[in-house]
Amino acid sequence: MIVNSCAAALLATALLAAHAAAADAPAVTHYVLDPARSSLEFNFLQAGAQNKGRFRTLQVSLDFSSENLAASRLDVTIETNSVDTGDQERDDTLRSADLLAVTKFPQAHFAAAKIERTAAGYDAIGKLTVRGVTRDAHIPFTFKAATENGAPAGYMSGKTSLRRLDYGVGQGDWKATDQVGNDVGVSFALRLAAH
Amino acid sequence: MPLRNTRHRWGVLSQLFHWLIVALVIVQVTLASLADDLPPGAKKLALLARHKSVGITILMLVILRLSWRSLNLTPLLPTTLKPYERLLARFTHAALYVLLFAMPLSGWTMSSARGFPVSWFGFFTLPDLVPKNKSLYAALLTTHEALAWVLAAVVALHVAAALKHHFMLRDDVLRRMLPFTTTRQGPRA
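Residues numbered from 1 in each chain as written. Chains lettered and ligands numbered in written order. Predicted model: local features only at pLDDT ≥ 70, side-chain atom pairs only at ≥ 80, totals over all residues. Heavy atoms only, no water.

Quick question: what am I supposed to make of the overall build of chain A here?
In terms of helices and strands, chain A carries two helices and eleven strands. Per-residue burial over chain A gives 39% buried out of 195 residues. Within chain A, counting contacts between residues at least 6 apart in sequence, those at least 24 apart form 58% of the total. Only carbon and sulfur atoms are counted for the fraction: they give 57% of the accessible area of chain A, which is about 10,600 Å². (Helix = DSSP H or I, 4+ residues; strand = E, 2+ residues; numbered from the N terminus. Buried < 20%, exposed > 50% of the residue type's maximum accessible area, 1.4 Å probe, protein only. Contact = heavy atoms within 4.5 Å. Areas by Shrake-Rupley, 256 points an atom, 1.4 Å probe, with all protein chains shown as cover.)

Spelled out as structure tokens, the structure:
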């Protein structure tokens, strides 16, 4: 009984302390994408050579404070139809059912409720959904806060890679990786505006 | 069999270059026509990747072949040829060499203009010859295909001439490009 009440008191103190800490922590800033000054690119091996593409349309929502990572969140939605490799025929092929299947899966999505500090910057840890397949993923990034024209802004960039077949991007003949590699590099340089 | 050419017969290395390129050109025509029949897709991509790699191989072989030719004697044309036949023979051979350069170069340039870098069997990537340019790509595609027909016509002339020399004129012109044959002039090879 005494032990129980001691535990209860300790728990109450801990909860109060946690609450106080949350209240003291700096508020996170809510950022959205400045699409005109942002890019999300990918590269892939096609017929033995590196090729590049990008997604033209995406939405980013970032709640971030380097002083309050516990309350920081990242949410990215990519319109798969906006794929652009600079080649109409290739883009149409990428949009088709065996690859990105943009009609059935118009969006790819990354949501991270956990952001950790790393030696190089930060790591957003969450779930990536591509072509209807959701997997654990983490995206390393750097973040530089700035004040531009009196308004807070942020520059977020990073690089990662994923395996397209993990997400079923490549059905039928496209499952083969000899002509189109499984590894897809992703790099992004985003300008975010406080909202 | 002598490695080098003589005045009367092609050496082993020249014969090897000749027949290797013949075989690879046949491979090229096969790959291109198979790819032509396919809709865009992984199979077409694979065939065209192979076509580009083989094309670059031919380009490298033609460079080696011409270098070797320049370091060697060139077998003489038969003395029985009329002046216009001599001219025609020279023209045909020159055209074949020019086309063996023009085919891979137009293909490589076309791929660069399309924005697709050319890889040699995945071992290395060749530099782009021109920046990406849609209308240049379209023009080069037409050129590459037209040159293929010109090559087919010149090859037909070349083969017809070789067969005429062998079966009608009964001279050594074809035989001296064939391994394991005896020519009437010069040493056995």
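How should I be thinking about the packing of aromatic side chains in this particular structure?
For any pair of aromatic rings, the description rests on two quantities: the centre-to-centre distance and the angle between the ring planes. All names here are of chain A. As enumerated under the stated definition, the model contains ten aromatic pairs over all chains in all. Between Phe 64 and Phe 143 the ring centres are 4.5 Å apart and the planes differ by 45 degrees, which places this aromatic pair in the tilted class. With Phe 64 in strand S4 (residues 58-64) and Phe 143 in strand S9 (residues 133-148), this residue pair connects regions lying 79 residues apart in the sequence. The exposure class assigned to Phe 64 is buried, which follows from its relative accessible area of 3%. Members of the aromatic cluster, connected to one another through ring pairs, are Tyr 31, Phe 64, Tyr 122, Phe 141 and Phe 143. In this arrangement the basic side chain of Arg 135 is found over the ring face of Tyr 167, its NZ or CZ atom lying 6.0 Å from the centre. (Phe/Tyr/Trp six-rings, centres within 6.5 Å; stacked < 30°, edge-to-face > 60°. Lys NZ or Arg CZ within 6 Å of the ring centre and 35° of its normal.)

Mind showing me how you'd approach the environment of Ser 66 of chain A here?
Residues and elements named next belong to chain A. By secondary structure assignment, the location of Ser 66 is in the loop between S4 and strand S5 (73-79). For the pair formed by Ser 66 and Lys 159, sequence separation is 93 residues and the distance between their alpha carbons is 20 Å. If we ignore the near neighbours within four places in the chain, the residues touching Ser 66 are Arg 117 and Tyr 122. Looking at Ser 66, its side chain comes within polar contact range of the side chain of Glu 67, at 3.4 Å. (Polar contact = N/O pair within 3.5 Å; in protein donor to acceptor, adjacent residues only side chain to side chain.)

Would you explain the environment of Thr 74 of chain B in this entry?
Residues and elements named next belong to chain B. Examined against the element boundaries, Thr 74 turns out to sit in the loop between helix H2 (42-70) and helix H3 (83-114). Look at Thr 74 and you get partly exposed, because its relative accessible area is 26%. Placed 60 residues apart in sequence, Thr 74 and Ser 14 show a C-alpha to C-alpha distance of 10.0 Å. Residues within four places of Thr 74 in sequence aside, it is in contact with Thr 6, Arg 7, Trp 10 and Arg 69.

Is there a simple way to think about the pattern of salt bridges in this case?
Pairing of side chains with opposite charge becomes possible as their charged atoms draw close. Residue and element names in this part refer to chain A. Applying the stated rule across the entire model yields 15 salt bridges over all chains. Arg 54 is the partner of Asp 84 in a salt bridge, and the nearest nitrogen-oxygen pair spans 3.4 Å. Residue Asp 84 is located in strand S6 (residues 83-84), and its partner Arg 54 is located in strand S3 (residues 49-55); the two are separated by 30 residues in the primary sequence. Judged by relative accessible area, which is 13%, Asp 84 ranks as buried. Judged by its relative accessible area of 34%, Arg 54 is partly exposed. A salt bridge links Arg 191 to Glu 148; the shortest N-O distance between them is 2.4 Å. (Salt bridge = Lys/Arg side-chain N within 4 Å of Asp/Glu carboxyl O.)

Can you walk me through the pairing of strand S11 (residues 180-194) of chain A in this structure?
Remark: a regular strand shows side chains that alternate across the two faces of the sheet. Residue and element names in this part refer to chain A. Of the strand pairs in this sheet, strand S1 (residues 29-33) and S11 are connected by three bridges, and their pairing is antiparallel. Considered in S11, the bridge of Leu 33 is made with Leu 192. Relative to S11, strand S10 (residues 151-163) is paired through eleven bridges, and the arrangement is antiparallel. Residue Lys 159 lies in a different strand from S11, and its bridge partner there is Ser 187. (Pairing = 2+ DSSP bridges.)

Sorry if this is basic, but what is going on with the environment of Asp 34 of chain A here?
Residue and element names in this part refer to chain A. Mapped onto the elements of the fold, Asp 34 is located in the loop between S1 and strand S2 (39-46). Considering only alpha carbons, one finds Asp 34 and Leu 74, 40 residues apart in sequence, at a separation of 15 Å. Contacts of Asp 34, omitting those with residues within four sequence positions, involve Arg 191 and Leu 192.

How should unusual backbone geometry be read in this particular structure?
For residues besides glycine, phi is generally negative; the peptide bonds are generally trans as well. Residues and elements named next belong to chain A. For Ala 101, which is not glycine, the phi dihedral falls at a positive 50 degrees. Take Ala 101: it is sitting in the loop between helix H2 (88-95) and strand S7 (107-117). Phi at Arg 131 is positive, roughly 50 degrees, even though this residue is not glycine. Note on placement: Arg 131 falls in the loop between strand S8 (122-130) and S9.

Sorry if this is basic, but what is going on with the interface of chain A and chain B here?
Taken residue by residue, the interface counts 16 residues in chain A and 16 residues in chain B. In this assembly, chain A packs against chain B so that about 1,300 Å² is buried in total across both faces, 53% of it on carbon and sulfur atoms. Of the charged contacts in the structure, one is a salt bridge between Arg 114 of chain B and Asp 87 of chain A, with a shortest N-O distance of 2.4 Å. Where chain A meets chain B, there are three residue pairs in polar contact (both at pLDDT 80 or more). Those elements that provide at least two residues to the side of chain A that touches chain B are S3 and H2 of chain A. Of the residues assigned to the side of chain A that touches chain B, the class counts are four nonpolar, eight polar and four charged. (Buried area = accessible area lost by both parts, 1.4 Å probe. Nonpolar A, V, L, I, M, F, W, Y, C, P; charged D, E, K, R; others polar.)

Quick question: what am I supposed to make of helix H4 (residues 134-168) of chain B here?
Note: α-helices contain 3.6 residues per turn, so residues at a spacing of three or four share the same orientation. Residues and elements named next belong to chain B. Taking 1.5 Å as the rise per residue, H4 with 35 residues should run 51 Å; its terminal C-alpha atoms sit 50 Å apart, in good agreement. Regarding H4, the residues found buried are Tyr 137, Leu 140, His 144, Leu 147, Leu 151, Val 154, Ala 162, His 165 and His 166. The elements touched by buried residues of H4 are helix H1 (12-36), H2 and H3. Directly after H4, the chain includes Arg 170, whose backbone phi takes a positive value near 50 degrees. (Expected span 1.5 Å × (residues − 1).)

Would you take a moment to explain the confidence of the model for chain B for this structure?
Any residue range with low pLDDT should be treated as having predicted coordinates unsuitable for detailed reading. When pLDDT is averaged across chain B, the result is 94; 97% of the residues are at 70 or more. The ipTM assigned to the predicted complex is 0.81, against a pTM of 0.85. (pLDDT = per-residue confidence, 0-100.)

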